[in-house]
Amino acid sequence: MKPKVLFATQNKHKRDELARLLPTIDVVMLDNDVIMPEETGVTFEGNALLKARGFAQTREMWVLADDSGLEVDALDGAPGVYSARYSSEGTDEANRQKVLQTLNGTPSSATMVSVMALVSPTGNQVTTRGQVRGTITTARGDYGFGYDPIFYVDSLKKTFGEVTPEEKSRLSHRALAVKQLIDTPLWRNFLNGTD
Ligand code: ITT
């Protein structure tokens, strides 16, 4: 039987990426009607822990959470931790449009960030951070989600919207965060069923 972890997210795209990155783990998703805690943190680490800690306590399970976003250099790091709520509509399309409109043609480098938090049933915790550098471009490609189509990666000569899920899972910010996570002592405890 695969070790089971609850992934505290309402974002199906994140869940699909995580399931691809952790094929030997049973990644359980929250039901759609579950209310997520308000993301009051000012760092990705703070918000990832906020999401994971609440559910680990109430469900007495191992819980993973991901807090992620886009930091645009010419916008002083915005939208950053406010990436999901950058536009008033809060949809992926409106958020991308707002980045492009705010930049108004100014070229800019940017960072995609993913912070993973793992919390045990007794409250032991760890966070890891993965980052990928790129530049902002007009939207290209139908793959991915969120800011992927406007995030161009030099080494790929493509936006994240133009790479297949397999390619993205080889080098994404989320892949880098997971790679570090599975090297932590707490992850070994999770696999061993100790806490
Ligand atoms: P949960 O909090 O339920 O996990 P969420 O979508 O609200 O889901 P965040 O608060 O972490 O997640 O917000 C992340 C924002 O960054 C959101 O707008 C995503 O679309 C975007 N994002 C996250 N990962 C991304 C990725 O791999 N590629 C492009 N955009 C991404």
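Computed from a prediction, not measured in an experiment: that's the story for all the values here.

Parameters at a glance
- Chains are numbered independently. Their residues run from 1 in the order of the written sequence.
- Local features in this predicted model are restricted to residues of pLDDT 70 or higher, and side-chain atom pairs are both shown and tallied only at a pLDDT of 80 or more, whereas totals for entire chains, interfaces and linings draw on every residue.
- Excluded from the side-chain calculation are hydrogens and water; included are all heavy atoms of the structure.
- The cutoff for a nearby residue is simple: one of its non-hydrogen atoms must lie within 4 Å of the molecule or strand.
- Whenever a nitrogen or oxygen atom comes within 3.5 Å of another N or O atom, the pair is scored as a polar contact, on the condition that within protein one atom can donate a hydrogen and the other can accept it, and that pairs from neighbouring residues in sequence are kept only if both atoms are in side chains.
- Accessible areas in this description were obtained via Shrake-Rupley with a 1.4 Å probe; residue shielding takes into account the shown protein chains only.
- Here a helix means four or more residues in a row that DSSP labels H or I, a strand means two or more in a row labelled E, and each is numbered from the N terminus.
- Interaxial angle, 0 to 180 degrees, is taken between N-to-C directions of lines fitted to C-alpha atoms, where a helix line uses only the stretch in contact.
- Orientation categories follow fixed angle ranges, with anything under 35 degrees roughly parallel, anything over 145 roughly antiparallel, 65 to 115 roughly perpendicular, and all other angles oblique.
- Each crossing is labelled by how the near helix is turned from the far one, with a counterclockwise turn of less than a right angle marking it left-handed and a clockwise turn marking it right-handed.
- Any two residues having at least one pair of non-hydrogen atoms within 4.5 Å are treated as being in contact.
- Side-chain classes are defined by residue name, with Ala, Val, Leu, Ile, Met, Phe, Trp, Tyr, Cys and Pro counting as nonpolar, Asp, Glu, Lys and Arg as charged, and the others, Gly among them, as polar.
- The buried label applies to any residue whose accessible area, calculated with a 1.4 Å probe on protein chains only, is under 20% of its type's maximum; exposed applies above 50%, and partly exposed to all values in between.
- A pair of strands is considered paired only if DSSP assigns at least 2 bridges between the two.

## Let's talk about the site of the ligand
Line of reasoning, step 1. Neighbouring the ligand are 22 residues, the closest being Thr9, Lys14, Lys51, Asp148 and Lys168.
Line of reasoning, step 2. Between the ligand and the protein, one listed contact pairs an oxygen atom with a backbone N or O atom of Ser68 at 3.0 Å.
Line of reasoning, step 3. Here an oxygen atom of the ligand and a backbone polar atom of Ser83 are 3.5 Å apart.
Line of reasoning, step 4. Here the ligand has 620 Å² of accessible area as a free molecule, and 91% of this is covered by the chains.
Line of reasoning, step 5. Looking at the shell around the ligand, the elements that each hand over two or more residues are β3 (63–72) and α5 (173–181).
Line of reasoning, step 6. Looking at which element gives the most residues to the shell around the ligand, the answer is β3, with 4 residues.

## Structural notes on the packing of helix α1 (residues 12–21) against α5
Line of reasoning, step 1. Two elements in contact, α1 and α5, have axes whose closest approach is 10 Å; the angle formed by their N-to-C orientations is 50°. One finds that α1 runs oblique with respect to α5. Pair α1 / α5 crosses with right-handed handedness. Counting all contacts with α1, which are made through Lys14, Glu17, Leu18 and Leu21, the residues of α5 involved are Arg174, Ala175 and Val178.
Line of reasoning, step 2. Considering only residue class, the contact of α1 with α5 consists of 4 nonpolar, no polar and 3 charged.

## Considering the pairing of strand β4 (residues 109–119)
Line of reasoning, step 1. Summarising burial for β4: 10 of the 11 residues are buried, a large majority.
Line of reasoning, step 2. Where β3 meets β4, 10 bridges bridge the pair, whose relative direction is antiparallel. By the bridge assignment for β4, Asp66 is matched with Met116.
Line of reasoning, step 3. What sits between the antiparallel neighbours β4 and strand β5 (residues 125–136) is a turn of 5 residues, in which Gly123 has the positive phi angle 95°.

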